[in-house]
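Given next are the chains, with one letter for each unit.
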Amino acid sequence: MALFKRKESILGIDISPSAIKLIELSRSGPRFRVEAFAVEPLGEGMMEDRNPADPDAMGEVIKRACRKSGTRVRRAAVAVPTSSVITRTIPMPAEFKESDIEVNLSIEAAQYIPYPIEEIYLDFEMKGPSQASSEMQDVMLVATRKENVDTREAALKNAGLVPVIVDIEAYALENSFRLLMESLPKAGGGGSLSLDKPRDGLTALVDIGATITNLYILQQDRVIFTREQGFGCDQLTLRIAETYGLSREQAEQAKRSADSVAEDFATAVLEPFKHMLAEQIGHGLQFFFSSDQYASGRYNVDTITLVGGGAMIVGLDRVVADVLGIATVVANPFKNMGSAAKVNSSALLRDAPMLVVAGGLALRSFD
Ligand SMILES: Nc1ncnc2c1ncn2[C@@H]1O[C@H](COP(=O)(O)OP(=O)(O)OP(=O)(O)O)[C@@H](O)[C@H]1O
Ligand SMILES: [Mg+2]
């Protein structure tokens, strides 16, 4: 009987190219608490094509992250990268029940997914009546190559954890975003919302990573558009290394420490980089506004929320807001949460933007 037994939490583990990020949350009533967290850097070559190159070695790093965080939770959730997942909405007969869809799934998928069916995992979501015909319903196919899931599950198992959820980064971000929505600047309250356009609640979430940046457009709390762009914070590291004749490691250190490498660091390197990022984000937005579905001019992005390591670049939010004329904030999904005594709360505050995916995964504990 589980009446008074507290439901065991699920660890959120983000296996990303730069680091393992781990979060454990608990909840009492409406309040969440951070019970444990860790960021364990990954050396070069640990990830290959965005997957763990060697699940044994990755298991060791995850084990280390667990140990450092002090967590005792063993069940864990991971996410595959958004770009590794193919989603297609297809019509199926309206009378099809879940079991009928399951039977027909792989036949349908073969037409829409560009990989051999034996190399992918397939899932689906029933979306309701089809717009096109009353005799049809929309079914969203979700597919990813098996290796994206298998390598992550193997790494977790090697760390002594029990994989219970394999999510998609975009959904983990949606989950965290629900907590962030409260703190977003309200339209018309000093933001750049133009008054002649209807408020439609679109928000851009920009995940600036080491080598890639993902732009997500959300309507309320649902992702409606995604675009991956090939730039990230590692470019800043390279620029620092080149400009000042430093090794990669030294440049990485310099980037993170508050004291600058050289007198002209801000003017020659950092500020131009922030402007470049802002302009790239602008290009991504233009892409959204020129896509078939959203080109009507009716849509407006009210706010930009920055997440990922890039969001930790001091003052980036201000530059993005200035360049694009859209209110911009740096995400901290843990802002209104308490934390356990063993949690280093200043490190949590500093790393919060990088922990948004892990946090979204940990929130799955309370589904
Ligand atoms: N304080 C900081 N200031 C500037 N950049 C930082 C800081 N801390 C981390 N970074 C940079 O953030 C990047 C890592 O971000 P993040 O963890 O979001 O990437 P990732 O998810 O591992 O990679 P990707 O999203 O590209 O697949 C690295 O380039 C790192 O140097
Ligand atoms: Mg990332």
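Cut-offs used in this document
- Residues numbered from 1 in each chain as written.
- Chains lettered and ligands numbered in written order.
- Predicted model: local features only at pLDDT ≥ 70, side-chain atom pairs only at ≥ 80, totals over all residues.
- Heavy atoms only, no water.
- 1 Å grid on protein atoms, 1.4 Å probe; cavity = no way out; pocket = protein on both sides within 12 Å on 5 of 7 lines; lining within 4 Å.
- Points joined across faces, edges and corners; volume = space filled by probe spheres on them.
- Helix = DSSP H or I, 4+ residues; strand = E, 2+ residues; numbered from the N terminus.
- Nonpolar A, V, L, I, M, F, W, Y, C, P; charged D, E, K, R; others polar.
- Salt bridge = Lys/Arg side-chain N within 4 Å of Asp/Glu carboxyl O.
- Buried < 20%, exposed > 50% of the residue type's maximum accessible area, 1.4 Å probe, protein only.
- Near = heavy atom within 4 Å.
- Polar contact = N/O pair within 3.5 Å; in protein donor to acceptor, adjacent residues only side chain to side chain.
- Areas by Shrake-Rupley, 256 points an atom, 1.4 Å probe, with all protein chains shown as cover.
- Domains from an automatic or database assignment.
- Axes fitted to C-alpha atoms, helices over the stretch in contact; angles between N-to-C directions.
- Parallel < 35°, antiparallel > 145°, perpendicular 65-115°, else oblique.
- Left-handed = near helix turned anticlockwise from the far one by under 90°.
- Contact = heavy atoms within 4.5 Å.
- Core = buried A, V, L, I, M, F, W, Y, C linked by side-chain atoms within 4.5 Å.
- Pairing = 2+ DSSP bridges.
- pLDDT = per-residue confidence, 0-100.

Chemist: Even after reading the chapter, I still don't get the layout of surface pockets, so can you show me in this structure?
Modeler: One water molecule sets the probe size; rolling that probe over the atoms shows where empty space is left. Looking at the second largest pocket, its volume works out to about 650 Å³. Lining the second largest pocket we find 20 residues, and of these T87, M140, V223, I224 and T226 sit closest to its centre. For the lining of the second largest pocket, the secondary structure elements donating two or more residues are β7 (85-93), β8 (120-129), α4 (169-180) and β13 (222-229). The leading source of residues in the lining of the second largest pocket is β13, at five residues. A breakdown of the residues in the lining of the second largest pocket according to their chemical character gives ten nonpolar, five polar and five charged.

Chemist: Please clarify how the pattern of salt bridges should be interpreted in this entry.
Modeler: It is possible for side chains of opposite charge to pair when their charged atoms get near one another. Per the counting criterion, the structure on display carries 19 salt bridges. Here E147 ties to R145 by a salt bridge, and the two come within 3.7 Å at their closest N and O atoms. Note on E147: relative accessible area 41%, which makes it partly exposed. Note that D351 is salt-bridged to R350, the shortest N-O span being 3.1 Å. Residue classification places R350 among the exposed residues on the basis of a relative accessible area of 54%. The network of salt bridges with shared partners includes E174, R178, D221 and R222.

Chemist: Would you take a moment to explain the site of ligand 1 for this structure?
Modeler: Close contacts around ligand 1 come from 20 residues, with S18, K21, R50, E252 and K255 the closest. At 2.5 Å from an oxygen atom of ligand 1 is found a side-chain nitrogen or oxygen belonging to K21. For ligand 1, an oxygen atom lies 2.9 Å from a polar atom in the side chain of D234. For ligand 1, the protein covers 93% of the area, taking 650 Å² as the surface of the free molecule. Per-element tally for the shell around ligand 1: the top contributor is helix α6 (residues 248-256), with three residues. Grouping the amino acids of the shell around ligand 1 by side-chain chemistry returns eight nonpolar, six polar and six charged. Mapped onto the domain boundaries, the shell around ligand 1 takes at least three residues apiece from domain 1 (11-82 + 148-176 + 337-366) and domain 3 (192-325).

Chemist: Can you walk me through the packing of helix α7 (residues 265-289) against helix α8 (residues 316-324) in this structure?
Modeler: Relative orientation and spacing of two packed helices are given, respectively, by the angle between their axes and the distance between those axes. Running from amino to carboxyl end, α7 crosses α8 at an angle of 50°, the nearest separation of the two axes being 9 Å. Compared by their axis directions, α7 and α8 come out oblique. For the pair α7 and α8, the sense of crossing is right-handed. Here α7 contributes E271, K274, H275, L277, A278, E279, I281, G282 and L285 to the contact with α8, which in turn contributes L316, V319, V320, V323 and L324. Grouping the amino acids of the contact of α7 with α8 by side-chain chemistry returns nine nonpolar, two polar and three charged.

Chemist: What is the right way to read the domain arrangement of the protein chain from this model?
Modeler: Interfaces are often sized by the accessible area lost when the parts come together. As far as domains go, the protein chain holds domain 1 (11-82 + 148-176 + 337-366), domain 2 (83-146) and domain 3 (192-325). Inter-centroid distance (C-alpha atoms) of domain 2 to domain 3 is 34 Å.

Chemist: Sorry if this is basic, but what is going on with the nonpolar core here?
Modeler: Among soluble globular proteins, nonpolar side chains are generally buried collectively. Ranked by internal contacts, the top residues of the largest apolar core, which has 34 residues, are I208, I217, L285, I304, L306 and I313. Secondary structure elements with two or more residues in this core: β11 (202-208), β12 (213-219), α5 (234-244), α6, α7, β14 (301-307) and α8. Per element, the largest residue contribution to this core is nine residues, and it comes from α7. Here L285 is in contact with A204, L215, I217, V301, I304, L324 and I326, once residues within four sequence places are set aside. Residues M140, I168, L205 and V307 belong to the second largest nonpolar core, which totals 24 residues.

Chemist: Would you explain the sheet that holds β13 in this entry?
Modeler: Adjacent strands of a sheet form backbone hydrogen bonds with each other and so pair up, either parallel or antiparallel. With mixed pairing, five strands are arranged side by side in an open sheet as β13-β12-β11-β14-β15. Looking at which strands have only one partner, the edges of the open sheet turn out to be β13 and β15 (327-330). Recorded for the sheet is a direction-independent mean angle of 20° between the axes of neighbouring strands. With seven bridges connecting them, β11 and β12 associate as antiparallel partners. Within β12, the position partnered with I208 by the bridge is T213.

Chemist: So what exactly am I meant to see when it comes to the environment of L361 here?
Modeler: You can see L361 is positioned in helix α10 (residues 356-362). A C-alpha to C-alpha distance of 23 Å links L361 and M126, two positions 235 residues apart in sequence. In contact with L361, other than residues within four places in its own chain, are G12, I13, D14, A77, V78, A79, D167 and A172.

Chemist: Which parts of the structure should I look at to understand the confidence of the model for the protein chain?
Modeler: Any segment with low pLDDT has predicted coordinates that should not be analysed in fine detail. Overall, the predicted model of the protein chain reaches an average pLDDT of 91, with 94% of residues at or above 70. Here residues 188-198 is modelled with pLDDT under 50, and outside its nearest four sequence neighbours on either side it reaches 14 contacts, counting other chains as well.

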